[in-house]
Amino acid sequence: MQLKLKLTVAATIAAVASMAAAQGVTVVKIGNVAPMSGPQAHYGKDIENGVRMAIDDMNAQGVVIGGKKVKLELVNEDDASDPKQGTAAAQKLCDAKVAGVVGHLNSGTTIPASKVYNDCGIPHVTGAATNPSLTKPGYKTTFRIIANDNALGVGLAMYAAETLKLKSVAVIDDRTAYGQGVANVFKRAAAEKGIKVVDEQFTTDKATDFMAILTAIKAKNPDGVFFGGMDPQAGPMLRQMEQLGMANVKYFGGDGICTTELPRLAAGAKTIGNVICAEGGASLAKMPGGLEWKKRYDAKYPGQYVLYSPYKYDATMLLVDAMKRAGSWDPKVYIPELLKSNYKGVTANIKFEPNGELVNPAITLYVYKDGKKAPLN
């Protein structure tokens, strides 16, 4: 029975391939890399959904590149938010000869993977990795459609100093490229604004117990705490701050903590009301197509929205738009067109600086009201 089933499946695949060939349809592969396993898997699922939704939309409309009918196919890889696994995933996509890549999520995986993509000549577009170092090597294959940590860290420090009038802060980072990067930017900008950094602590992106470092911070009595890291750590940290009586301490973070999942991960801690976080982009309500797109996303993937899927949707559409304008899915041919993009996406009107950074990126500050994420600006 099992052998018969395998033969039937093989025959079906062969029949589909034969039908596609007969109809003159060429398969073009789009790679996606995200943490599909581990504590950050909820980000990964949301990211995959965004890419898959874009591919489904384009296939439904019909894609023609260089006069040829094309069927887009998703090739999904798991980097588990681990740098070594990230470079291995990048090499797999190179070997699979994908036409372009959407990803990665974390700066710590994206930065080393960017060299792999550069070496094999495949472009990658991230709508999540925010460390400014990503574009410093000057690779012609690296593109980012979201504001980097320079904008996020400075924006949060300005709000802490000018609006909240804070006098002192403590800084914690998770030792990742993202966490350290955004924490360092915030720390420098806060000091320039006259805020005293009274303590610096670090943890890891796998930790869940922060009582020791929070106890040390509490002894310094800061007005606020900045955390450079992701929501699987921020949630427990907020719970433990409440347990230690730090209920009046403001809590700052970049886009890594600025998710719809944070209230759940904080398990009802009142300290969720002290969170001010920043995202590199407009709020859904202010995105050119945000609210309409979100309705379609929720209908297709109910309860799975986290944060980055609209950017990953745009990244996928952007790659194919450049292929169409170039009349080719060969990266050597269409990469120059990708750099010249002027694409009206769901998240923004996407144009690139010569180094692959987004022109005039927006940032949005958020708070949590009644357990729900709400934009401040």
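Residues numbered from 1 in each chain as written. Predicted model: local features only at pLDDT ≥ 70, side-chain atom pairs only at ≥ 80, totals over all residues. Heavy atoms only, no water.

We now examine the pairing of strand β7 (residues 168-173). For β7, the tally of buried residues reaches 6 of 6 residues, placing the bulk of the element in the interior. Neither face of β7 is exposed, since Ser168, Ala170 and Ile172 on one face and Val169, Val171 and Asp173 on the opposite face are all buried. Summarising the sheet, β7 and strand β8 (residues 196-202) pair through 6 bridges and their orientation is parallel. Among the inter-strand pairings, aspartate 173 is bridged to a residue of β8, identified as phenylalanine 202. Regarding the hand of the β-α-β motif, the stretch spanning β7, helix α6 (residues 177-192) and β8 is right-handed. Taken together, the 5 bridges between β7 and strand β9 (residues 224-228) define a ladder with parallel strand orientation. (Buried < 20%, exposed > 50% of the residue type's maximum accessible area, 1.4 Å probe, protein only. Helix = DSSP H or I, 4+ residues; strand = E, 2+ residues; numbered from the N terminus. Pairing = 2+ DSSP bridges. Right-handed = clockwise from strand over helix to strand, strands pointing away.)

Before going further, it helps to spend a moment on the side chain of serine 309. As for its placement among the helices and strands, serine 309 is situated in helix α11 (residues 309-326). Here serine 309 falls in the buried class, since its relative accessible area comes to 0%. A distance of 2.8 Å separates polar atoms of two side chains, one belonging to serine 309 and the other to aspartate 46. The contact partners of serine 309, leaving out residues within four places of it in the chain, are Asp46, Gly50, Trp293 and Tyr297. (Polar contact = N/O pair within 3.5 Å; in protein donor to acceptor, adjacent residues only side chain to side chain. Contact = heavy atoms within 4.5 Å.)

This paragraph deals with the pattern of salt bridges. A side chain of one charge can pair with a side chain of the opposite charge when the charged atoms of the two come close. For the coordinates displayed, the defined rule picks out 19 salt bridges. Notably, a salt bridge pairs arginine 175 with aspartate 173, separated by 2.8 Å at the nearest N-O pair. By relative accessible area, which is 41% here, arginine 175 ends up partly exposed. With its nearest N and O atoms 3.2 Å apart, the salt bridge here joins aspartate 205 to lysine 206. We classify aspartate 205 as buried; its relative accessible area is 14%. Salt bridges sharing partners connect three or more residues here, namely Asp321, Arg325, Glu337 and Lys340. (Salt bridge = Lys/Arg side-chain N within 4 Å of Asp/Glu carboxyl O.)

Let us look at the UniProt feature "domain: Leucine-binding protein" (unreviewed entry) in the protein. The UniProt record marks residues 28-371 with the feature "domain: Leucine-binding protein" (unreviewed entry), using the residue numbering of this structure. Structurally, residues 28-371 is divided into 42% helix and 19% strand, and its ends, taken at the C-alpha atoms, are 42 Å apart. (UniProt positions renumbered as here; feature names shortened; annotations may be inferred.)

As a packed pair, helix α3 (residues 83-95) and helix α4 (residues 107-120) sit with axes 8 Å apart at the nearest point and diverge in direction by 25°. It follows from the interaxial angle that α3 and α4 lie roughly parallel. The way α3 lies across α4 gives a crossing that is right-handed. Counted together, Pro83, Gly86, Thr87, Ala90, Gln91, Leu93 and Cys94 of α3 and Gly108, Thr109, Pro112, Ala113, Val116, Tyr117 and Cys120 of α4 form the full contact between these two elements. (Axes fitted to C-alpha atoms, helices over the stretch in contact; angles between N-to-C directions. Parallel < 35°, antiparallel > 145°, perpendicular 65-115°, else oblique. Left-handed = near helix turned anticlockwise from the far one by under 90°.)

This next bit is on the sheet that holds strand β14 (residues 364-369). Across the sheet, which stays open at both edges, the 7 strands sit in the order β8-β7-β9-β10-β11-β14-β15 with mixed pairing between neighbours. Since the sheet does not close on itself, it has two edges, and those belong to β8 and β15 (372-375), each with one partner. When strand polarity is set aside, the average angle formed by the axes of neighbouring strands in this sheet is 25°. Direction of pairing for β9 relative to strand β10 (residues 250-253): parallel, over a ladder of 4 bridges. Along β10, the bridge assignment pairs valine 225 with tyrosine 251. Sheet strands touched by helix α5 (residues 149-163): β9, β10, β11 (275-279) and β14. Its angle to β11, the strand with the most contacts, is close to 145°. Those strands touched by α6 are β7, β8 and β9, and its axis lies near 165° from that of β7.

Working definition of a disulfide: a covalent bond connecting the sulfur atoms of two cysteines. All chains considered together, the criterion is met by 2 disulfides. The disulfide that involves cysteine 94 links it to cysteine 120, with 2.1 Å between the sulfurs. Across the disulfide from cysteine 94 to cysteine 120, rotation about the S-S bond amounts to roughly -50°, and the bridge is consequently left-handed. One end of the pair, cysteine 94, is in helix α3; the other, cysteine 120, is in helix α4, with 26 residues separating them in the sequence. Look at cysteine 94 and you get buried, because its relative accessible area is 8%. A residue is classified by how much of its surface remains accessible, and cysteine 120, at 32% relative accessible area, is partly exposed. Two residues share a disulfide in this structure: cysteine 258 and cysteine 277, whose sulfurs sit 2.1 Å from each other. One quick way to see it: the torsion about the S-S bond of cysteine 258 and cysteine 277 is about 60°, and its sign makes the bridge right-handed. Pair noted here: cysteine 258 is in the loop between β10 and α9 (262-265) and cysteine 277 is in strand β11, with a separation of 19 residues, a long-range link. Taken as a pair, cysteine 258 and cysteine 277 share a single burial class, namely buried. Counting only the cysteines that take part in disulfides, in the order they occur along the protein, gives the pairing 1-2, 3-4. (Disulfide = S-S within 2.5 Å.)

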